[in-house]
Amino acid sequence: LCIPPPEAPPVPDCPGGILYAVRRGETLSSIARRFGVRLRDLERANPDIDPDRLQIGQILCIPDVASDLCPDGRLYTVRRGDSFFTIARRFRVSVDLLVRVNSWIPDPALIYPGEQLCIPPR
C-alpha cells in the first residue's frame, strides 16, 4: 500500500510582508500584537484562514512588516529539516546574530517549513 504524502497547504501571497507559522497558544489577536499590525489587516491578508481554527504550524502572511523586520537583509523561506544552526551555517552568519535579527520567533529551536527568517548581511 502506497500512501502519498499530504499536500502542503497553499502558502499565502505576501508582498511586503513575511510568512509566519502559528505557535501553540497563539491567536490571531496575539499574533497581530506581536507584530504590531491591526487585526483587521492581518485578517485581510489571510482571507482563507478561519481565526477560530488556527493550527500549530499554519502559515500566515504578516502584512507590511518586511521592511521593518528585515531592512538590510533578505528573507529566507524555511525548508523541511532546517534549523537556526543549519541556516546560519548556510549563509555564513552566527547563530546568535540570526536569533537576534529574528526576534519575532518565540523559540529559535522551533521553526516551521514555509515561514520566513531574515538573513542579515555579512
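This structure is a prediction, so every number in the text was calculated from the model and none was measured.

Rules behind the numbers
- The numbering scheme is per chain: residues are counted from 1 as the chain's sequence reads.
- Under the rules for a predicted model, residues below a pLDDT of 70 receive no local features and side-chain atom pairs below 80 are neither given nor counted, while totals for whole chains, interfaces and linings still include all residues.
- No hydrogens and no water enter the side-chain calculation; it runs on all heavy atoms of the structure.
- Here is the rule: rings of Phe, Tyr and Trp (six-membered ring for Trp) pair when centre to centre is within 6.5 Å. Planes less than 30 degrees apart are stacked, more than 60 are edge-to-face, and the remainder are tilted.
- Here a helix means four or more residues in a row that DSSP labels H or I, a strand means two or more in a row labelled E, and each is numbered from the N terminus.
- Exposure classes here rest on a 1.4 Å probe applied to the protein chains alone. A residue is buried below 20% of its type maximum, exposed above 50%, and partly exposed in between.
- By construction, the arc corresponds to the directions joining the helix axis to the C-beta atoms.
- Two residues qualify as a contact provided that any one of their heavy atoms is within 4.5 Å of a heavy atom in the partner residue.
- Any two cysteine sulfur atoms lying within 2.5 Å of each other are counted as a disulfide.
- Here a polar contact means two N or O atoms within 3.5 Å. Within protein one must be a hydrogen donor candidate and the other an acceptor candidate, and residues neighboring in sequence count only if both atoms are side-chain atoms.

1. What about the packing of aromatic side chains?
Then comes step 1: Taken as a whole, this structure holds two aromatic pairs when the rule is applied.
Then comes step 2: Measuring from centroid to centroid gives 5.1 Å for Y20 and F35, while their planes differ by 70°, and the two rings are edge-to-face. Taken as a pair, Y20 in strand β1 (residues 18-21) and F35 in helix α1 (residues 28-35) lie far apart in primary sequence, 15 residues in all. We note that Y20, like F35, is buried.
Then comes step 3: Measuring from ring centre to ring centre gives 5.3 Å for Y76 and F91, while their planes differ by 70°; the resulting arrangement is edge-to-face. On the criterion of sequence distance, the pair formed by Y76 in strand β3 (residues 74-77) and F91 in helix α4 (residues 84-91) is long-range, its members being 15 residues apart.

2. Remarks on α4
Then comes step 1: Considered for burial, the residues of α4 that qualify are F84, I87, A88 and F91. Buried residues of α4, seen end-on, are gathered within an arc of 100° and therefore sit on one face of the element. Turned more than 90 degrees away from the buried face of α4, the exposed residues are F85 and R89.
Then comes step 2: Lining the buried residues of α4 we find β3, α5 (95-101) and β4 (116-119).

3. Quick word on α1
Then comes step 1: Listing the buried residues of α1 in full gives L28, I31, A32 and F35. The buried residues of α1 all sit within an arc of 100° when viewed along its axis, so they share a single face.
Then comes step 2: Residues of α1 that are buried sit in contact with β1, α2 (39-45), β2 (59-62) and α3 (66-69).
Then comes step 3: Residue G36 follows α1 closely and has a positive phi angle near 70°.

4. Description of the state of the cysteines
Then comes step 1: Following the criterion strictly, the structure yields two disulfides and no others.
Then comes step 2: Two residues, C14 and C61, share a disulfide whose sulfurs are 2.1 Å apart. Residues C14 and C61 are joined through a disulfide that is right-handed, its torsion about the S-S bond being 80°. Here the residue C14 occupies a position in the segment before β1, and C61 occupies one in strand β2, the gap between them amounting to 47 residues. The pair formed by C14 and C61 is uniform in burial state, with each residue classed as buried.
Then comes step 3: With its sulfur 2.0 Å from that of its partner, C70 forms a disulfide with C118. For the disulfide bridge between C70 and C118, the dihedral angle about the S-S bond is near 75°, and by the sign convention the bridge is right-handed. One end of the pair, C70, is in the loop between α3 and β3; the other, C118, is in strand β4, and 48 residues separate them in sequence.
Then comes step 4: Look at C70 and you get buried, because its relative accessible area is 7%.
Then comes step 5: Residue C118 is classed as buried on the basis of its relative accessible area of 4%.
Then comes step 6: Each bonded cysteine of the protein gets a number by its place in the sequence, and the pairs then read 1-2, 3-4.

5. Topic: the environment of D41
Then comes step 1: As for its position among the elements, D41 is in helix α2.
Then comes step 2: Between the C-alpha atoms of D41 and I62, which are 21 residues apart in sequence, the distance is 8.6 Å.
Then comes step 3: Among the polar contacts listed, one links the side chain of D41 to the side chain of R44, at a separation of 3.3 Å.

The analysis is restricted to geometry; functional conclusions fall outside its scope.
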